Amino acid sequence: MSLLVVGSVAFDALETPFGKVERTLGGAATYFSIAASFFTRVNLVGVVGEDFTPGDAAIFRGRGIDVAGLEHAPGKTFFWAGRYSDHLNDRITLATELNVFAKFNPKLPAAYRDSAYIFLANIDPTLQRAVLAQVRRRPRLVALDTMNYWIERTPVELRQTLKHAQVLMINDTETRQLSSEHNLLRAARHIFRLGPRTLVIKRGEHGAMMVHRDSVFCVPAFPLEEVHDPTGAGDSFAGGFMGYLAKAGRVNDATLRQAMVYGSVMGSFAVERFGLDRLRALTRREIAARARHFHRLTQFQL
Ligand code: AMP
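Calculation criteria
- Residues numbered from 1 in each chain as written.
- Predicted model: local features only at pLDDT ≥ 70, side-chain atom pairs only at ≥ 80, totals over all residues.
- Heavy atoms only, no water.
- Helix = DSSP H or I, 4+ residues; strand = E, 2+ residues; numbered from the N terminus.
- Rg over C-alpha atoms; globule rule 2.2 N^0.38 Å.
- Buried < 20%, exposed > 50% of the residue type's maximum accessible area, 1.4 Å probe, protein only.
- Contact = heavy atoms within 4.5 Å.
- Areas by Shrake-Rupley, 256 points an atom, 1.4 Å probe, with all protein chains shown as cover.
- Lys, Arg positive; Asp, Glu negative; His and termini not counted.
- Charge placed at Lys NZ, Arg CZ, Asp CG, Glu CD.
- Salt bridge = Lys/Arg side-chain N within 4 Å of Asp/Glu carboxyl O.
- Pairing = 2+ DSSP bridges.
- Axes fitted to C-alpha atoms, helices over the stretch in contact; angles between N-to-C directions.

1. Digging into the overall build of the chain
Next, step 1: Counting its secondary structure elements, the chain contains 11 helices and 13 strands.
Next, step 2: Rg of the C-alpha trace for the chain: 18 Å, near the compact-globule value of 19 Å for 302 residues, within the 12% margin.
Next, step 3: Viewed in the frame of its principal axes, the chain has a C-alpha envelope of about 60 × 40 × 35 Å.
Next, step 4: Split into buried and exposed, the 302 residues of the chain put 53% on the buried side.
Next, step 5: Contacts in the chain between residues far apart in sequence, at least 24 positions, make up 65% of those at least 6 positions apart.
Next, step 6: Approximately 14100 Å² of the chain is accessible, and the part contributed by carbon and sulfur atoms is 49%.
Next, step 7: Within the chain, the 29 negative side-chain charges are centred at a point lying 9 Å from the centre of the 38 positive side-chain charges.

Structure representation (structure tokens):
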């Protein structure tokens, strides 16, 4: 099943207690598409600048990621700089330079317009909606990510876009902010009135929680001794989640639960090394082994 993602392709400057990189390939759509590519083919919609070289684009090659929708525009690629606290719990954004993103107007190649599974990564909700408007057939599943910036600055546009999404994937702080509810179950009920019928709350080292109609499902974060760089964990989670569902070709309570586990698996790999280094070197065999490990981790008898 075809999976479409729209979102940022970026150069990131990253600083964690384990090291520092001045400029490395990143962006939500990059993490997402690489994570999802282990499960299914991916169509990528985004924009890069003149500083994005064929060497940078090589990361997408040989993975079944179609970059016909990755526009090359005059100017510089989106740039983001972030620094993590000592225990990696907090992150501050040091710089966000929109560059070519400022004038981005997503255009879907004809072959992408029948996509059944769509992930709208964290970008301006108006752009997210512009992508949906170009899809010909009603997609099977639309999932959406957003952040405090859009919740605060473009609440009306965000609500318009949310009406067209079945799954909302955000973190706990964003959930509380969007719903004005501290309790996450009450927050889910509030969010269901805005459009989505499934809420996936990403909770970093505390794992992830899915509220789907009346059922709740939780997965832990995979216990890792070494976490080097949390950047992209959420987008890699989304890539595993949506990639698995697109591969399964069915969205129901069972496949959604399995997707939560594969999301956690992909997020846990992403944080083991800096930037995209771990995902770049990952194999399907390692993914399968970690999924089995997750199964053992959460099994118990009553
Ligand atoms: P995550 O750690 O999952 O929140 O994703 C981190 C990635 O999101 C980085 O690689 C950044 O390039 C990208 N990013 C950070 N801020 C933004 C933004 N405002 N819009 C789009 N992408 C962003």
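2. Quick word on the pattern of salt bridges
Next, step 1: The final tally for this structure, using the stated rule, is 12 salt bridges.
Next, step 2: For the salt bridge of Asp114 with Arg137, the shortest nitrogen-to-oxygen distance reads 3.9 Å. On the criterion of sequence distance, the pair formed by Asp114 in the loop between β7 (91–97) and β8 (117–120) and Arg137 in the loop between α3 (125–133) and β9 (141–144) is long-range, its members being 23 residues apart.
Next, step 3: For Arg137, a relative accessible area of 56% translates into the label exposed.
Next, step 4: Among the charged side chains, a network of salt bridges with common partners joins Glu272, Arg278, Glu286 and Arg290.

3. Describing the sheet that holds strand β4 (residues 42–48)
Each strand in a sheet pairs with its neighbour through backbone hydrogen bonds, running either in the same direction (parallel) or in the opposite one (antiparallel).
Next, step 1: One open sheet holds the nine strands; their spatial order is β5-β4-β1-β8-β9-β10-β11-β12-β13, and the pairing between them is mixed. The two strands at the open ends of the sheet, each matched to only one other strand, are β5 (65–72) and β13 (215–219). Within this sheet the neighbouring strands show an average axis-to-axis angle of 15 degrees, counted without direction.
Next, step 2: Sheet strands in contact with α3 are β1 (3–6), β8 and β9, and its direction is about 160 degrees off that of β8.

Read these as layout, nothing more, since geometry by itself doesn't imply function.
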